[in-house]
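# Summary of the model geometry
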Amino acid sequence: MKAVYTAAHLAHDVTYETYLGQPLPANEISERAELIRQSLQGDGGFSFVAPTDHGEAPITAVHDPGLVRFLESAWADARREQLDVPYLVADTYPTIKLYEGMSPDFAAAQPAPEAVAGALGWWGLDTSNPIVEGTYGAARAAVDVALTTVDLVLGGEQAAYGLCRPPGHHAARSMAGGYCFFNNVAIAAEAIARSTGERVAVLDVDYHHGNGTQQIFWRRGDVFYASIHADPMRQYPFFLGHGHERGEGDGQGENLNLPQPAGLTNDGYLAALDRVLEAIAERPGSVIVVSLGFDTYGRDPIGDFALTTPVYHEVGRRVAATGRRLVILQEGGYYRPALGDNAVAWLRGAESRPLA
Ligand SMILES: [Zn+2]
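Calculation criteria
- Residues numbered from 1 in each chain as written.
- Predicted model: local features only at pLDDT ≥ 70, side-chain atom pairs only at ≥ 80, totals over all residues.
- Heavy atoms only, no water.
- Helix = DSSP H or I, 4+ residues; strand = E, 2+ residues; numbered from the N terminus.
- Rg over C-alpha atoms; globule rule 2.2 N^0.38 Å.
- Buried < 20%, exposed > 50% of the residue type's maximum accessible area, 1.4 Å probe, protein only.
- Contact = heavy atoms within 4.5 Å.
- Areas by Shrake-Rupley, 256 points an atom, 1.4 Å probe, with all protein chains shown as cover.
- Lys, Arg positive; Asp, Glu negative; His and termini not counted.
- Charge placed at Lys NZ, Arg CZ, Asp CG, Glu CD.
- Salt bridge = Lys/Arg side-chain N within 4 Å of Asp/Glu carboxyl O.
- Donors = N, O, S within 2.8 Å, 3.2 Å for Na, K, Ca; no water.
- Phe/Tyr/Trp six-rings, centres within 6.5 Å; stacked < 30°, edge-to-face > 60°.
- Polar contact = N/O pair within 3.5 Å; in protein donor to acceptor, adjacent residues only side chain to side chain.
- Expected span 1.5 Å × (residues − 1).
- Bend = angle between axes of the 7 residues up to and from the residue.
- Patch = residues over 30% accessible without salt bridge, like charges linked within 9 Å, V, L, I, M, F, W, Y side chains within 5 Å.
- Axes fitted to C-alpha atoms, helices over the stretch in contact; angles between N-to-C directions.
- Parallel < 35°, antiparallel > 145°, perpendicular 65-115°, else oblique.
- Left-handed = near helix turned anticlockwise from the far one by under 90°.
- Nonpolar A, V, L, I, M, F, W, Y, C, P; charged D, E, K, R; others polar.

### Observations regarding the overall build of the protein
Regarding its fold elements, the protein presents 11 helices and 10 strands. Against the globule reference of 21 Å for 356 residues, the protein gives a C-alpha radius of gyration of 19 Å, in line with a compact fold. Its C-alpha atoms give the protein principal-axis dimensions of about 55 × 45 × 40 Å. Here the protein holds 356 residues, and the buried ones make up 55% of them. For the protein, long-range pairs separated by at least 24 residues make up 78% of all intrachain contacts whose partners lie at least 6 apart in sequence. Of the accessible surface of the protein, which amounts to about 14,300 Å², a share of 53% is contributed by carbon and sulfur atoms. When the 26 basic and 43 acidic side-chain charges of the protein are each reduced to a single mean position, those positions are 5 Å apart.

### Section: the pattern of salt bridges
One pass over the structure, following the stated rule, counts 23 salt bridges. Residues Arg 165 and Glu 28 are paired through a salt bridge, measuring 2.7 Å at the closest nitrogen-oxygen approach. In this pair, Arg 165 sits in the loop between strand E5 (159-162) and helix H7 (184-196) while Glu 28 sits in the loop between strand E3 (22-25) and helix H1 (30-43), placing the two residues 137 residues apart along the sequence. A salt bridge links Arg 220 to Asp 222; the nearest nitrogen and oxygen atoms lie 2.8 Å apart. Residue classification places Arg 220 among the partly exposed residues on the basis of a relative accessible area of 24%. With relative accessibility at 26%, the residue Asp 222 sits in the partly exposed group.

### Focus: the coordination of the zinc ion
Distances from the zinc ion to its protein donors, namely Asp 206 (OD), His 208 (ND1) and Asp 295 (OD), fall within the range 1.9 to 2.1 Å. Considered as a linear motif, the donors of the zinc ion on their single chain read D-x1-H-x86-D. His 208 carries the same exposure label as Asp 206, and that label is buried.

### Describing the packing of aromatic side chains
Counted according to the given criterion, the structure contains 9 aromatic pairs. Between Tyr 5 and Phe 48, the aromatic rings sit 6.4 Å apart at their centres with planes inclined by 90°, giving edge-to-face as the arrangement. Separated by 43 residues along the polypeptide, Tyr 5 in the loop between strand E1 (2-4) and strand E2 (16-19) and Phe 48 in strand E4 (residues 47-49) bring together distant segments of the chain. Looking at Phe 48, the relative accessible area reads 30%, which means it is partly exposed. Arranged with centres 4.8 Å apart and planes meeting at 70°, the rings of Tyr 207 and Phe 305 form a pair that is edge-to-face. On the criterion of sequence distance, the pair formed by Tyr 207 in the loop between strand E6 (200-204) and helix H8 (211-217) and Phe 305 in the loop between strand E9 (287-292) and helix H10 (309-320) is long-range, its members being 98 residues apart. As far as the burial class goes, Tyr 207 and Phe 305 line up, both buried. Among the aromatic residues, ring-to-ring pairing joins Tyr 236, Phe 238 and Phe 239 into one connected group.

### A look at the environment of Glu 72
Its place among the elements puts Glu 72 in helix H3 (residues 65-80). Put simply, Glu 72 and Arg 140 are 68 residues apart on the chain and 9.6 Å apart in space, counted from C-alpha to C-alpha. Here the side chain of Glu 72 touches Arg 69 through a polar contact of 2.8 Å, side chain to side chain.

### Here's the deal with helix H9 (residues 266-281)
If you check H9, its first and last C-alpha atoms are 22 Å apart, about what 16 residues at 1.5 Å a residue would give, namely 22 Å. Considered for burial, the residues of H9 that qualify are Tyr 269, Leu 270, Ala 272, Leu 273, Val 276, Leu 277, Ala 279 and Ile 280. Packing partners of the buried residues in H9 comprise E6, strand E7 (223-230), strand E8 (255-260), E9 and H10.

### A few points about H3
For H3, with 16 residues, the first-to-last C-alpha span of 22 Å sits near the 22 Å given by 1.5 Å per residue. Maximal helix bending in H3 amounts to about 50°, located at Ala 74. Of all the residues in H3, the buried ones are Leu 67, Val 68, Phe 70, Leu 71, Ala 74, Trp 75 and Ala 78. For H3, the secondary structure elements touched by its buried residues are helix H2 (57-60), helix H5 (116-122) and helix H6 (135-154).

### A few points about a nonpolar patch on the surface
The grouping of Tyr 19, Leu 20 and Leu 24 at the surface amounts to a nonpolar patch, some 340 Å² of accessible area in total. Considering the arrangement of structural elements, one finds Leu 24 in strand E3.

### What about the packing of H1 against helix H11 (residues 336-350)?
Packing of H1 against H11 brings their axes to within 8 Å, and their N-to-C directions diverge by 50°. Classed by the angle they form, the pair H1 and H11 counts as oblique. Relative to H11, the crossing made by H1 is right-handed. Listed contacts from H11 to Glu 31, Arg 32, Leu 35, Ile 36, Ser 39, Leu 40 and Asp 43 of H1 are Arg 336, Leu 339, Gly 340, Asp 341, Ala 343, Val 344, Leu 347 and Arg 348. Residues belonging to the contact of H1 with H11 are distributed by class as follows: 7 nonpolar, 2 polar and 6 charged.

### Re the side chain of His 12
Inspection of the secondary structure assignment puts His 12 in the loop between E1 and E2. Of the polar contacts made by the side chain of His 12, one reaches the side chain of Thr 135; its length is 2.9 Å. Each residue touching His 12, except ones within four places of it in the same chain, is listed here: Glu 28, Pro 130, Val 132, Gly 134, Thr 135, Ala 138, Arg 165, Pro 166 and Phe 181.

Here it is, written out as structure tokens:
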């Protein structure tokens, strides 16, 4: 299988994230992507491809240009404001309650704050998303990784893997969050829909709900979003990801959330997967974009599922057995000792190669 990778992700060099107001060692660190790359290289069944520059247009096809400009300038603006901090996170966010009783149009017309401290909240969801000097360049490169993976699959590959970092599925139209800046998977799905005119399925198997992807395609009939994830009643992103969220307008019925309990086993997971794959099979289209996360692993430090390495091989196998072409893009996964093995297992499954 072809795997798209670039060392450009290393520029998003984060050490801390903020959790419940405390600085803690960051989970989404560059070592994650390097461990996966090393395992793929060690496997011998993957050939590496460098991403090509796809420009900004595919990004603003799903994101507010204001978010792009903010991420591009945030670090320099902070320096100009003499904010002497090792990384940027907000502490003030415009929750919907701020605008309670005011019309949605009124809230939407509020200007983005000029001060970086306010802009960080305006364009962000949470404090787990540190911005450093190289964040924007790395996030742009992750988009190019995703779009180059799309090129490979539309060019004839049955499946290809994009080692995206930073990940993307929590990033919404005008909002970064949850270790994510640009929504790599949504940008890929949009590019496929535009280029083929076909309907596209997004399968999100990260431990967390992909709130950003759901939001971007909420009213769209041409992109089906399906996700198996921790119940938002107990887990991030808390405010979206419930089972009753089915889409609206043209997208009515084109959003499928299967929230899951703590301790979810391999068997429980595969049962949910079969439901999702059935729903995909009921819809036309020839490509599935996969949001691939390994924070479903039993020892993940921020997850609470009980999956083991062999099940990833079976998940990859069942997804490939749909017969659809696969654009497989990396999202989360934070238990570093098993990350490489889990990635190799999933991708070998997706190629119908036996688990080593
Ligand atoms: Zn996750």
